[in-house]
Structures are given as structure tokens and as C-alpha cells.
There are 2 protein chains.
Amino acid sequence: MKYDHIKQSLYRKIESGEWPEHHPVSSENKLAEEFSVSRMTARRALQELSDEGLVVRTRGAGTFVAPLKSQSALLTIRNIADEIRLRKHRHHAVVQLLEDVVAEPGLATLLQLPQGARVWHSVITHFENGQAVQVEDRYVNPVLVPDYLKQDFTAHTPHEYLCEVTPLTEASHQIEAVLPSKQQQIWLELAMPEPCLQIQRRTWTREGMVSQAVLTHPGSRFRLGGHMTFNKKQQNKPSL
Amino acid sequence: MKYDHIKQSLYRKIESGEWPEHHPVSSENKLAEEFSVSRMTARRALQELSDEGLVVRTRGAGTFVAPLKSQSALLTIRNIADEIRLRKHRHHAVVQLLEDVVAEPGLATLLQLPQGARVWHSVITHFENGQAVQVEDRYVNPVLVPDYLKQDFTAHTPHEYLCEVTPLTEASHQIEAVLPSKQQQIWLELAMPEPCLQIQRRTWTREGMVSQAVLTHPGSRFRLGGHMTFNKKQQNKPSL
DNA sequence: TAGTGGTCTAGACCACTTT
DNA sequence: AAGTGGTCTAGACCACTAT
């Protein structure tokens, strides 16, 4: 795939910081010549980078590396450890539970397992600079992820592991504000109950549902942020 | 734009339900002939519909209307009134405040107004089947939206009005769990304090920041949900 | 085997921005 | 005036799916 080769080449320039924000990107004609392809092929590479928000194109002016703020979408699947490291803070995890349990009827149905089947269950507290910011209570499909219990989740998070072994194709989220249960309060090392942001996340692969996680964050220590830009496509899209 | 004409034609078939899920869509060659365009142009229409998640394409097999579940993205800008109506519930709004106030220093800076400038301020409670589910506390840029105070926000929400008069290009969100202030508690008709999901949303147009809204929802009456699918592009995208 | 989508070419005309 | 991106054409070859 020639257009992908061009894309990868441009990715590297942008990702490495060699081309900072607003740096001009070679024009369609230049790229076509450099890579010995037709202009339509070079154009496709630039167009896809534009769709992904990495570059901004202006008719008559040229193509430029996009300002960072327009790059990220809201609530892409997040990994708490990455986020903490991104803030240059220390992350560590404590595994509270790692076991197999009988699945509740609703969960068994979701995972397409027979009633009474056993599923993997983990509870992990995540710390940012020594302070508990999330307790992750997760159930995992043993058919799709047989080796889940053998992992060392102080070294890498369940999310990282699941992304490696299964290509996620879908996810759903539910966010609500709750008071923590007594058990959650202990896991979060909260002296007093306080409002918590609770995210339930389910992920799917092509073969079925992989995992359900309930992530509980103390309201005083955690905030979920996001930024989005609207591109032409989203604007034309009917609401349905 | 010929490709857009084809897209609009296909939108109508899908949106109206004339073509249900999995219904076959005309092939590139058929569309090219029907609309008297080259295959590349017909292809572009189908490709964009595919990028938007409205159709699914399989090499060798054809193009088909996508199953509904793969259509919606997470946390697109939401309108509380639409959501309530979508659930077939009754919505009504009570305007608690509609005034101009001196902007706080931070807000004035964000809106690129001089310190001490006045901004529009509205507080509106939204009800679902007679129960308060959101209090919307909003500040609006008077330069970009001069007629804000003249609107009747029991008839249409500020969000609807702002979308009409300004083409939004960007938005940021912050979500947290909090206890409501006494004033919020009154506006939400809460007998007792309870955890609330609070969303701060800022929106921009090309000329600058339009509005800041703080949306507070009682945890017991509101849950934020979302669904997302991962397409090829997102998977190839480097994390940055 | 016929039809489909995926990729690619080598041109073309246009509207727009920059110089 | 020169260069840019936006659109479009009329071909082509390939890998894949359905029959």
C-alpha cells in the first residue's frame, strides 16, 4: 500500500516532534514526486491524516501539522497508568483480589456463558503519587482470555494486557455519581464517604464481550476531561 | 459536488428506514451508471458513508447498511431535551435566572473580554416527567451572541439556540462527582444532598469561546452513557 | 466465473491563497 | 502568476466473495 507508506513516513515526522505544530507538510505534488506515485495517491495519505486530525489543510495555502488541542477525542479508551505517567506522576497498583468466581446470571448472559460458569475477577487499586485515585473492579471472559489470572498486574494494567491479547472492536461506557460502598471506601483508603465518579466500561472483540470493568474514582481526587473538534463529516451527519 | 449528491440520496434511503440494517447498497459501478459519474466519484460517496459508520463494506461481497449499534459515538454534544424526548418522556424547563452579570476575571480572560465586562448568565432547571434531572448554569459571550437574553428558553434550550446562531467548532468537557451546593440543591428540588454528576462544557466557534455551561445532575436520576466502535483509522493512529 | 471493493495512474479544470 | 487543495474522469490490475 503506497499511500500507507507515505502516511507512516509523515506520522514519524509529527510524532517525533521533528515537525512541530503548524509546520508545513509537503504538498500533494511534492509527495507524489518524492515517493514516485500519482498525485491521487499522495492526496489520499494527506486526506486520511486530515480526517484523523493530525494535519490541517487549507485550499490555496497548503497542509500543516495540526495544533495539539485538536487531536484528541473525548473518552477514547483510557489507561489510568498512562494518564498518570503523562502528568509526570508516580503510578503504582495494588492487587486486592485476583480469583475466579461464579458469574452472576446477568453477566453470564452478557458473556454468552452458561449459567453458573466461572469467570475471572480482579480488583486493583491504582495510586497516583501514593494517593488512591481509582479502584478497578473487573470481570473477564475466561474463554477469550484464558491466561488472565497468571498476569502480574502490578507491572502492567489489565487494560494494557487485554489490548495486547484481544483486538477490541467496541466499547460502551456508563458514567454516574455515587457514594462508595464500605468495601470500595476501604480499597480507596477514604476516611469518610464522598461522592465518587463511577465508570462502567464493557469491551467487545469480534468474538464477543471480553470484559466488564467498574472504575470508581473519589470525586475530590479525579476529574475526567476531554476535548473534541467537529469536522465536516460530523456536521453533515444526520442525527438518526 | 456530485459525490455529495449521491451521499444525500443514500442518507435518505437509510434514514427513512426504506433500507433497513444489512440491506444491500448499490455497488460502485451501479451508482456510477445511475448518477452518470465515474466510478471513483461513486466510490467516494460510499467510502465516506463507511467512514461515518452508516454502511459496512466487504471486498468481494458488497456494501450494506450498517447495524444500528455501530453508528453512534460517545459523548457527542448532547441536548438534554432531545435525550428526554428520545426516551418518550416529557421535558419541561424552568428559567431560574436570566440576567447579565460582571464576568469573573478568569471567565473574562477565556472569553477575551476586558476585566469587569458584563456577560449573559442563565440558570435553567430541566425536568423529565416532572422530576428535576439537570440544572444548567451557563455564561454566554455577549459579543458573539448579542440576543441571548431575548430568547424564551422554555420553548427551546440554550444549546439548541447556540447551535443555530453559531457554528460550533470545538468543545471541551470536564466531568466530576460532587456534592451540590445549597443553591443547586434548591434548583434541583433535592430534599437531601446526594452525589451529583457535574459536567463543565465549554464551546468555541472560529471567532472565540462562545459559552461555558456547568450541568449538574443528581446521581440517583441521571447516568451518562455512550458507545463507541473502533475503525481501522483509529487503530492505526499513534497514541501521541 | 462474474461481480465486488481496494488500490493506483495520468491526466484535467476549478477556486482559492500567497507572493 | 504560481502554487495549493478540491473535484472529477476513464481507464487499469488485483484479491476477494458468491454462485
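The structure presented is a predicted model; accordingly, all values stated were derived computationally and were not measured.

### Re the sheet that holds strand E3 (residues 62-65) of chain A
All names here are of chain A.
Argument step 1. Strand order in the open sheet formed by three strands is E1-E3-E2, with antiparallel pairing between adjacent strands. For this open sheet the edge positions go to strand E1 (24-25) and strand E2 (55-58), each flanked by a neighbour on one side alone.
Argument step 2. Of the strand pairs in this sheet, E1 and E3 are connected by two bridges, and their pairing is antiparallel. Across the sheet, residue Val25 finds its bridge partner in E3, namely Thr63.

### Here we look at the protein's contact with DNA strand C
Argument step 1. Close to DNA strand C lie 25 residues; A:Lys2, A:Ser38, A:Thr41, A:Arg44 and B:Thr63 are nearest.
Argument step 2. Within 4 Å of the protein, atoms of DNA strand C come from sugar and phosphate in 66% of cases.
Argument step 3. Contact between DNA strand C and A:Thr41: a phosphate oxygen at 2.7 Å from a side-chain N or O atom of the residue.
Argument step 4. Between DNA strand C and B:Arg57, the relevant distance is 3.0 Å, taken from a phosphate oxygen to a side-chain nitrogen or oxygen of the residue.
Argument step 5. Put simply, the parts of the chain that give the surface near DNA strand C at least two residues each are helix H1 (2-15) and helix H3 (39-51) of chain A together with helix H2 (28-34), helix H3 (39-51), strand E2 (55-58) and strand E3 (62-65) of chain B.
Argument step 6. For the surface near DNA strand C, the per-class residue count stands at six nonpolar, nine polar and 10 charged.

### Re the pattern of salt bridges
Argument step 1. Within this structure, the stated rule accounts for 20 salt bridges over all chains.
Argument step 2. Two residues, A:Arg138 and A:Glu136, come together in a salt bridge whose shortest N-O distance is 2.8 Å. Accessibility classification places A:Arg138 together with A:Glu136 in one group, the buried group.
Argument step 3. For the salt bridge of B:Asp100 with B:Arg118, the shortest nitrogen-to-oxygen distance reads 2.7 Å. Remark: B:Arg118 occurs in strand E5 (residues 118-128) and B:Asp100 occurs in strand E4 (residues 91-102); sequence separation between them is 18 residues.
Argument step 4. Exposure remark for B:Asp100: the relative accessible area of 31% places this residue in the partly exposed category.

### Some thoughts on the environment of B:Glu104
Argument step 1. Tracing the backbone through its elements, the reader meets B:Glu104 in the loop between E4 and helix H5 (105-110).
Argument step 2. Sequence-wise, B:Glu104 and B:His23 are 81 residues apart; in three dimensions their C-alpha atoms are separated by 55 Å.

### Some remarks on the sheet that holds strand E1 (residues 24-25) of chain B
Residues and elements named next belong to chain B.
Argument step 1. Across the sheet, three strands lie side by side as E1-E3-E2; this open sheet has antiparallel pairing. The open sheet is flanked by E1 and E2, the only strands paired with a single partner.
Argument step 2. Contacts from H3 reach E1, E2 and E3, with the element oriented near 115° to E2.

### Thoughts on the protein's contact with DNA strand D
Argument step 1. In the vicinity of DNA strand D lie 25 residues, with A:Thr63, B:Lys2, B:Ser38, B:Thr41 and B:Arg44 positioned nearest.
Argument step 2. Within the side chain of A:Arg39, one N or O atom sits 2.8 Å away from a base nitrogen of DNA strand D.
Argument step 3. Secondary-structure elements contributing two or more residues to the surface near DNA strand D are helix H2 (28-34), H3, E2 and E3 of chain A together with helix H1 (2-15) and H3 of chain B.
Argument step 4. Counted by class, the surface near DNA strand D contains six nonpolar, nine polar and 10 charged residues.

### Concerning H3(B)
Residues and elements named next belong to chain B.
Argument step 1. Here H3 is 13 residues long and its end C-alpha atoms lie 18 Å apart, about the 18 Å a rise of 1.5 Å per residue gives.
Argument step 2. Taken together, the buried positions of H3 are Ala42, Ala45, Leu46, Glu48 and Leu49. Along the long axis of H3, the arc covered by the buried residues comes to 160°, so they all point the same way.
Argument step 3. Looking one or two residues past H3, Gly53 carries a phi angle of roughly 85°, positive in sign.

What counts, and where the lines are drawn
- Residue positions are counted from 1 within each chain, in the order its sequence is given.
- Each chain takes a letter, starting from A, and each ligand takes a number, starting from 1, following the order in which they are written.
- In keeping with the model being predicted, local features are shown solely for residues with a pLDDT of at least 70 and side-chain atom pairs are shown and tallied solely at 80 or more, while totals for entire chains, interfaces and linings include all residues.
- In computing side-chain values, all of the structure's heavy atoms are included and hydrogens and water are not.
- At least two bridges found by DSSP between two strands are what make those strands a pair.
- Secondary structure elements are defined from DSSP: runs of H or I of at least 4 residues count as helices, runs of E of at least 2 residues count as strands, and each element is numbered from the N terminus.
- Being near a molecule or strand, for a residue, means having at least one of its heavy atoms within 4 Å of it.
- Under this definition, polar contacts are N or O atom pairs within 3.5 Å; protein pairs additionally need one hydrogen-donor-capable and one acceptor-capable atom, and for neighbouring residues in sequence, both atoms have to be side-chain atoms.
- As a working rule, the residues Ala, Val, Leu, Ile, Met, Phe, Trp, Tyr, Cys and Pro are called nonpolar, Asp, Glu, Lys and Arg charged, and the rest polar, with Gly in that last group.
- Basic side-chain nitrogens of Lys or Arg form a salt bridge, by our definition, when they fall within 4 Å of a carboxyl oxygen of Asp or Glu.
- The classification of residues rests on relative accessible area computed with a 1.4 Å probe and restricted to protein chains. Under 20% of the type maximum is buried, over 50% is exposed, and intermediate values are partly exposed.
- In this description, contact between two residues means that some pair of their heavy atoms is separated by no more than 4.5 Å.
- Between N-to-C directions, angles cover 0 to 180 degrees, with each direction set by a line fitted to C-alpha atoms, over the stretch in contact for helices.
- A helix is expected to span 1.5 Å for every residue after the first.
- It is the directions from the helix axis to the C-beta atoms that the arc portrays.

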